[in-house]
Amino acid sequence: MLLALPLVLRLWPAGDDGRSAADLRTAVLAGADQGWSGIAESSGGLALPETDQLGTIADLFSDRTRMRVWWRGPEDHRIDVVTATGETDLRRTAAGRWTWDYQSDRAGWTPAAGITGFALPAATDLLPSTLTRRLLSEADDGELSRIGSARVAGRAALGLRLVPADPGASVARVDVWVDAETGWLPLQVQVFDQSTGTVPALDTRLLEVDPTAPDPAVIAFRPPPSADIRSDDPLGLLRDVADRLPDVAFPDTLAGLPRRDVTGAPPSIGLYGRGVTLLAVIPLPGRAAAELRRAADADPAAVHDQLGSRLTAGPIGILLTGAPRNAYLLTGTVTPETLAQAALALPGLGSQR
Amino acid sequence: MIVVELRKLFRRPRTWVTIAVLNLLPIIVAVLLVLTDLAPRPGQGPAFLSAVLTNGALFPLAALAIVLPLFLPIAVAVIAGDSVAGEAQAGTLRYLIARPVGRTRLLVAKLLAVLVFVLVTVVVVAVVGYLVGVTLFEAEPAAGTSVSGTTLTVQELLVRTGYAVGYVTVSMCGVAAFALCFSTFTDSPLAAALGALAVLVASSLLFTLDAASPIAPYLPTRYWLAFVDFFRDPILWRDIVRGLALQGVYVVVLLGVAWANFTTKDVTS
């Protein structure tokens, strides 16, 4: 009976108040300033290529990540990534952002002025609430539908499905489960790609929820005296790379995807797409291209053809293309065909083929 | 009856040899750390081990983390596996139950003796760890740093260390229950101890497999390392509560089986 209890709780019918998909999306997007706390867990099956510099990011999308969350707003929250032997924390306040790594005894500080909309992926991006807002913020109403109700974290949740209309999208659908009681708190997000069928490529959910604003004292942080305190750069290694990237005149559209502006993004990186269909184009200096080509050659999952070397990790496609002195890295949530089409339209490449 | 069992257990030299050997590994680790000044890289090595280089007062926790995955369960399984099967092998079990004390009382006395052994062992590991830590490393007796980077007062650190010692002790109750249960089925203490260890090795292996994730919450070793959660700020109670409840279920079920078998068994040796 004890063993069956969790299963019974999960299968217990959840009520549905018949809210429309558009209303649910509006409520979720408006809920970013609402306070809550809880425990979240994300699990990803995205086998991204492992490199020394991007190891943490690859782990984020391929492993199980458990997070404690205290959320008072986009500029007032704390997220602890909990591991068996330590934790890595992020404390965001109006003044800026602290990061804390227990095992390295290291604290990092970024003033608010240095935080932009463009940064390397972090655990924060995997919270059901932040991921849902990111995925739904640019969705058309026609792409959204309701999918009934279910129980998540022991609470009734309303289902919302996003099916991208763009033919170049590698994401087949996104299922979001929103807390029925609050109406604005996403409890679970599942991202399915075109090939995985019923198994999500990325699944992030809350395990415990308290839908009340946490005490501000729990978010405040002062580094311990023994800590090694550094200045953080949200762009991380991208900053070094961006400074060395060659200038390229990117076209306004690429494979049918419109170019987009993101605050803080280096101008040498071309960003395209909308909603869950995104593409980044990075022109590579000769040495970086050679290093990446060697890494791709050593990866047994890479496919090599006339256009270059391709890798696929769930809905994320990666293409390394071009000659050593005129190379590009294309990556995003687009189909392999879209990646190839985009590559052929890049300056200096289309005329070669 | 309980006093008799405790006296018997703690008068055996092998009990104290077991405890001494258990303390040897943390001491070796501490000496190597001092000599090389090489802490484990982040994400590797036992919990708290990288922190002891800056605060030796945390070494009791590192010592517990060192012995918890293997050495402590082996010690508990050997002692608990010996409790009934050892008497049977020595031919003294039939004389024990011939006394007017009842088999249930005898079983409870054996269990309590094992639990006291577990508590004594864990406390000795913690105390020896503290002495080694403050002797070999720089210690910050005035305060400590939580895993979340906040400052813990001496009182908070002591209370949380006490919680951790208690939690590790309870975590070993499941091992003791497995070994004691198997001990009522066999006349070989070695078979009982190995049976319990086989369960623990299988549990640890299954915990690493994604395919076994639906049963992971019920594995006996699943929440052992949750004692680290006492040192987060605020304390993360989720896994601690689940760990205590899970050990409780294992102890109740396995002791029920042990009791049902032992009270109806035909004892000939």
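Keep in mind that this is a model prediction, so the values were computed, not measured.

K.L.:
Can you break down the overall build of chain B residue by residue, with the values?
P.N.:
Counting its regular elements, chain B contains nine helices and two strands. Secondary structure elements in chain B, listed N-terminal to C-terminal, are α-α-α-α-α-α-β-β-α-α-α. By the compact-globule yardstick of 18 Å for 269 residues, chain B fits well, its C-alpha radius of gyration being 20 Å. The C-alpha extent of chain B, read off along each of the three principal axes, is 60 × 45 × 30 Å. Within the span of chain B, comprising 269 residues, buried residues form 50% of the whole. Excluding contacts between residues fewer than 6 apart, the proportion of contacts in chain B whose partners are at least 24 apart in sequence is 75%. Split by element, the accessible area of chain B, about 11900 Å² in all, is 71% carbon and sulfur.

K.L.:
Outline the domain arrangement of chain A, listing residues and values.
P.N.:
Residue and element names in this part refer to chain A. In terms of domain boundaries, chain A breaks down into domain 1 (7–231) and domain 2 (237–352). Contacts between the two partners involve 26 residues from domain 1 and, on the opposite side, 26 residues from domain 2. If you sort the residues of domain 1 by the area they bury against domain 2, Phe118, Glu138 and Ser170 come out on top, with a joint share of 30%. Where Arg274 meets Asp140, a salt bridge forms, and the shortest distance between an N and an O atom there is 3.8 Å. Classifying every residue of the side of domain 1 that touches domain 2 by side-chain character gives 16 nonpolar, five polar and five charged.

K.L.:
Before we move on, can you summarise the interface of chain A and chain B with the specific residues and values?
P.N.:
Contacts between the two partners involve 28 residues from chain A, matched on the other side by 29 residues from chain B. Here chain A and chain B share an interface that buries about 2200 Å² over both sides, 50% of which is from carbon and sulfur atoms. Its largest share of buried area at the contact with chain B, chain A owes to Arg68(A), Tyr102(A) and Gln103(A), together 28% of the area lost on that side. Arg66(A) is paired through a salt bridge with Asp239(B); the nearest N and O atoms lie 3.3 Å apart. Remark: the boundary between chain A and chain B carries eleven residue pairs in polar contact (both at pLDDT 80 or more). Of all the secondary-structure elements, those providing two or more residues to the side of chain A that touches chain B are strand 2 (64–73), strand 3 (76–83), strand 4 (86–93) and strand 11 (202–210) of chain A. Looking at side-chain class alone, the side of chain A that touches chain B contains 13 nonpolar, five polar and ten charged residues.

K.L.:
Describe the nonpolar core, and please don't skip the residues or the numbers.
P.N.:
Residues Phe48(B), Phe59(B), Leu72(B) and Phe227(B) are the most contacted members of the largest nonpolar core, which totals 87 residues. Here the element with the most residues in this core is helix 7 (residues 154–183) of chain B; it accounts for 14 residues. In this view, Phe59(B) contacts Pro26(B), Ala30(B), Leu49(B), Val52(B), Gly129(B), Val132(B), Gly133(B) and Phe137(B); residues no more than four positions away in its chain are not counted. Residues Leu127(A), Leu158(A), Val191(A) and Leu206(A) belong to the second largest nonpolar core, which totals 37 residues.

K.L.:
How would you explain the UniProt feature "transmembrane region" (unreviewed entry) in chain B if you had to name every residue and give the values?
P.N.:
Residue and element names in this part refer to chain B. Mapped onto this numbering, the UniProt entry annotates "transmembrane region" (unreviewed entry) at residues 16–36, 56–85, 106–132, 164–183, 190–209 and 243–262. Helix and strand shares over residues 106–132 are 100% and 0% respectively, and the end C-alpha atoms of the span are 39 Å apart. For residues 243–262, the helix share is 100%, the strand share is 0%, and the end-to-end C-alpha distance is 28 Å.

K.L.:
Talk me through the pattern of salt bridges; I want residue IDs and the actual numbers.
P.N.:
Throughout the structure, instances matching the rule amount to 29 salt bridges over all chains. Among the ionic pairs, Arg64(A) bridges to Glu41(A), the shortest N-O distance being 3.1 Å. Residue Arg64(A) is found in strand 2, and its partner Glu41(A) is found in strand 1 (residues 36–44); the two are separated by 23 residues along the sequence. Given the relative accessible area of 47%, Arg64(A) is considered partly exposed. Judged by its relative accessible area of 16%, Glu41(A) is buried. Sharing partners across several salt bridges, the network here consists of Glu41(A), Arg64(A), Arg66(A), Arg222(B) and Asp239(B).

K.L.:
Summarise the packing of aromatic side chains; cite the residues concerned and give the values.
P.N.:
Inspection of the entire model under this criterion finds 14 aromatic pairs over all chains. With 5.1 Å between their ring centres and 50 degrees between their planes, Trp98(A) and Trp109(A) make a pair best called tilted. With Trp98(A) in strand 5 (residues 96–101) and Trp109(A) in strand 6 (residues 106–111), this residue pair connects regions lying eleven residues apart in the sequence. Judged by relative accessible area, which is 17%, Trp98(A) ranks as buried. Judged by centre distance (6.4 Å) and plane angle (80 degrees), the rings of Tyr102(A) and Phe48(B) are edge-to-face. With Tyr102(A) in the loop between strand 5 and strand 6 and Phe48(B) in the loop between helix 2 (13–36) and helix 3 (59–67), this pair bridges two chains.

K.L.:
Account for the confidence of the model for chain B, naming residues and giving values.
P.N.:
Looking at chain B as a whole, its pLDDT mean stands at 88, while 95% of the residues score no less than 70. Taken element by element, the predicted model of chain B shows its lowest mean pLDDT in helix 5 (residues 93–98) of chain B (71) and its highest in helix 8 (residues 189–207) of chain B (94).

K.L.:
Quick rundown of unusual backbone geometry? Include the residues and the values.
P.N.:
Cis geometry is adopted by the peptide bond preceding Pro234(B), which originates at Asp233(B) and carries an omega value of 0 degrees. Unlike most non-glycine residues, Ala255(A) shows phi in positive territory, near 55 degrees. Tracing the chain through its elements places Ala255(A) in the loop between strand 13 (253–254) and strand 14 (257–258).

K.L.:
How would you sum up the packing of helix 2 of chain B against helix 3 of chain B? Please name residues and give values.
P.N.:
All names here are of chain B. Where helix 2 contacts helix 3, the axes come no closer than 9 Å and their chain directions differ by 120 degrees. By the criterion of interaxial angle, the relationship of helix 2 to helix 3 is oblique. Crossing handedness for the pair helix 2 and helix 3: right-handed. Packed against helix 2, whose contacting residues are Leu22, Leu25, Pro26, Val29 and Ala30, the element helix 3 presents Phe59, Ala63, Ile66 and Val67 at the interface.

Each value, and the rule that gives it
Residues numbered from 1 in each chain as written. Chains lettered and ligands numbered in written order. Predicted model: local features only at pLDDT ≥ 70, side-chain atom pairs only at ≥ 80, totals over all residues. Heavy atoms only, no water. Helix = DSSP H or I, 4+ residues; strand = E, 2+ residues; numbered from the N terminus. Rg over C-alpha atoms; globule rule 2.2 N^0.38 Å. Buried < 20%, exposed > 50% of the residue type's maximum accessible area, 1.4 Å probe, protein only. Contact = heavy atoms within 4.5 Å. Areas by Shrake-Rupley, 256 points an atom, 1.4 Å probe, with all protein chains shown as cover. Domains from an automatic or database assignment. Buried area = accessible area lost by both parts, 1.4 Å probe. Salt bridge = Lys/Arg side-chain N within 4 Å of Asp/Glu carboxyl O. Nonpolar A, V, L, I, M, F, W, Y, C, P; charged D, E, K, R; others polar. Polar contact = N/O pair within 3.5 Å; in protein donor to acceptor, adjacent residues only side chain to side chain. Core = buried A, V, L, I, M, F, W, Y, C linked by side-chain atoms within 4.5 Å. UniProt positions renumbered as here; feature names shortened; annotations may be inferred. Phe/Tyr/Trp six-rings, centres within 6.5 Å; stacked < 30°, edge-to-face > 60°. pLDDT = per-residue confidence, 0-100. Axes fitted to C-alpha atoms, helices over the stretch in contact; angles between N-to-C directions. Parallel < 35°, antiparallel > 145°, perpendicular 65-115°, else oblique. Left-handed = near helix turned anticlockwise from the far one by under 90°.

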